[in-house]
Amino acid sequence: MADAASDVELPLVHRPRRLRRTEGLRRLVRETRLTVDDLIYPLFVMEGTGQRQEVASMPGCFRYSLDLLLEELQEVVGLGLGAIALFPLIPDAQKDNAGTESYNPTGLIPQTVRAIKQAFPQLLVITDVALDPYSSMGHDGIVEDGEILNDETVAVLVKQALAHAEAGADMVAPSDMMDGRIGAIRQALDAEGWINVGILAYSAKYASAYYGPFRDALESAPKFGDKKTYQMDPANAAEALKEVDLDIAEGADIVMVKPALAYLDIICRIRQHTNLPVAAYNVSGEYAMVKAAAAQGWIDEKTVMLETLTSIKRAGADVILTYFAKDAAKAMSGER
C-alpha cells in the first residue's frame, strides 16, 4: 500500500536564503560592486612647507603643504586611487570680496596642480571652482549690499577655471551654484583651446547643514547670512532635474549631487534621468558622524564606511567623492 504522505502535494517554498548561504554565493549574485575606480579623494592644500594639520572636526583628514601633499599622493597612488579633488586653504590676507586670488596663475592651486601633474602625470586632478575659499565674505559669489551677484561672479569663475586649465587640471568642478556658469566656463575653455578639460558640475548642491566640518577645514564659513539664495532647498526634488538639464545643455561632462546620504533619492532620480555619469559627494558632515560614533565604540567604522559608500553607488552614483577614499581602498584590498 502506497504511503499516504507521498500523495500529499507540498506547498512550494521560496528560499532566497539559498543564495546567501556562503560568502562565495553572496559574491556571485551581488548586484552592486564598489571599487577604488569609483572613488575621488578630496584633499586640502595650504601654503608653506612641512605643514600637516589635522582638521579637528574631520579626524584623519589633514591640510597639507605642497611638499607633504606630494608625499601623501605616493600612498594614494599606491592604493590604486586614480583621482583627487583639490581644495585650498587661503590666508586671510589674500582674500577679498571679488575673490581675485582665485585666478592668480601662480596661486596655490595652479602651483599645486603643476607639481602634481609633473610628479604623477596619470593621476586625474580635479579642481574646485568657487569663490568661497578666496572671499573675505565667505560666500560663493561677489557680495553687494547683502546680495550675491550672479553674472559678475560667473565672470570671475571663468577666469579661475582658465587658470586651472592652464596649470594642467584634468577637470574643473564648479561648486558655486551660480546660474549659467557651466555654459560660460565651457565656452571660455573651448575658445582658449582647452577642449579636453572636463567639467564636473555640482548640479544639485543643496543648502545643507552637513557642510560644517568642510568650512572648518578651509576657514570659509559665510561672514553673514547663509547660502540659501543660491544653493538648493533640501525640500526640492524636481528642481534637481531642472538644474541637471540646464548643466547638461551648457556642456557638463559629469553631474553631481551634494550631499549624498540624505539625498539618495535625488541620486536615484538623476541616474534614471540622464545617461551622463552621475557623481555624489559623501560630504564632511557625513564623514564626521561616522568618525565620531566609531570613536565612541558605538559602530564598527570599517563596516559602516563600506556600507555607506555601497549605498551611494547602489542609489545610482557612478562616481563618489569621499574623505573615506584612502581607508576604503585599504579595506577593499584587505589591508588592515
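In what follows, the structure referred to is the one given above.
Residues numbered from 1 in each chain as written. Predicted model: local features only at pLDDT ≥ 70, side-chain atom pairs only at ≥ 80, totals over all residues. Heavy atoms only, no water.

Examining the layout of surface pockets
Here is step 1: Here the largest pocket is characterised by a volume of approximately 350 Å³.
Here is step 2: Around the largest pocket, the lining residues are Glu23, Arg27, Arg30, Thr32, Arg33, Leu34, Thr35, Val36, Leu306, Thr310 and Met332.
Here is step 3: When residues of the lining of the largest pocket are traced back to their parent elements, those giving at least two are α1 (23–28) and α10 (301–315).
Here is step 4: Taken together, the residues of the lining of the largest pocket sort by class into four nonpolar, three polar and four charged.
Here is step 5: The computed volume of the second largest pocket comes to approximately 180 Å³.
Here is step 6: If you trace the second largest pocket, you find it lined by Ile148, Asn150, Met177, Met178, Asp179, Lys228, Thr229, Tyr230, Gln231, Met232, Glu239 and Glu243.
Here is step 7: Here the residues of the lining of the second largest pocket sort into five nonpolar, three polar and four charged. (1 Å grid on protein atoms, 1.4 Å probe; cavity = no way out; pocket = protein on both sides within 12 Å on 5 of 7 lines; lining within 4 Å. Points joined across faces, edges and corners; volume = space filled by probe spheres on them. Helix = DSSP H or I, 4+ residues; strand = E, 2+ residues; numbered from the N terminus. Nonpolar A, V, L, I, M, F, W, Y, C, P; charged D, E, K, R; others polar.)

Description of a positive patch on the surface
Here is step 1: A surface patch of positive charge is lined by Arg15, Arg17, Arg18 and Arg20.
Here is step 2: The topology assignment puts Arg17 in the segment before α1.
Here is step 3: Arg17 gets classed as exposed once you look at its relative accessible area, which sits at 68%. (Patch = residues over 30% accessible without salt bridge, like charges linked within 9 Å, V, L, I, M, F, W, Y side chains within 5 Å. Areas by Shrake-Rupley, 256 points an atom, 1.4 Å probe, with all protein chains shown as cover. Salt bridge = Lys/Arg side-chain N within 4 Å of Asp/Glu carboxyl O. Lys, Arg positive; Asp, Glu negative; His and termini not counted. Charge placed at Lys NZ, Arg CZ, Asp CG, Glu CD. Buried < 20%, exposed > 50% of the residue type's maximum accessible area, 1.4 Å probe, protein only.)

Focus on the nonpolar core
Here is step 1: Counting 107 residues, the largest nonpolar core has Ile84 and Ile270 as the members making the most contacts within it.
Here is step 2: In this structure, Ile270 is in contact with Ala204, Ala240, Leu241, Val244, Val255, Val257 and Val278, ignoring residues within four places of it in sequence. (Core = buried A, V, L, I, M, F, W, Y, C linked by side-chain atoms within 4.5 Å. Contact = heavy atoms within 4.5 Å.)

Section: unusual backbone geometry
Here is step 1: Put simply, Lys258 and Pro259 share a cis peptide bond, and its omega is -5 degrees.
Here is step 2: Mapping Pro259 onto the fold places it in the loop between β10 (254–258) and α8 (264–273).
Here is step 3: Even without being a glycine, Asp145 presents a positive backbone phi close to 55 degrees.
Here is step 4: Mapped onto the fold, Asp145 is located in the loop between β6 (142–144) and β7 (147–149).
Here is step 5: For Asp145, a relative accessible area of 81% gives the class exposed.
Here is step 6: If you check the backbone angles, Met177 has positive phi at about 70 degrees while not being a glycine.

Focus on helix α7 (residues 238–250)
Here is step 1: Compared with the 18 Å implied by 1.5 Å per residue over 13 residues, the 19 Å span of α7 between its first and last C-alpha is a close match.
Here is step 2: Listing the buried residues of α7 in full gives Ala240, Leu241, Glu243, Val244 and Asp247. Along the axis of α7, the buried residues cluster in a sector spanning 160 degrees; they form a single face. Every exposed residue of α7 that faces more than 90 degrees away from the buried side is listed here: Ala238, Lys242 and Ala249.
Here is step 3: As for α7, its buried residues are in contact with α5 (181–191), β9 (198–205), β10 and α8. (Expected span 1.5 Å × (residues − 1). Arc of directions from axis to C-beta.)

Nothing here speaks to function; it is all geometry.
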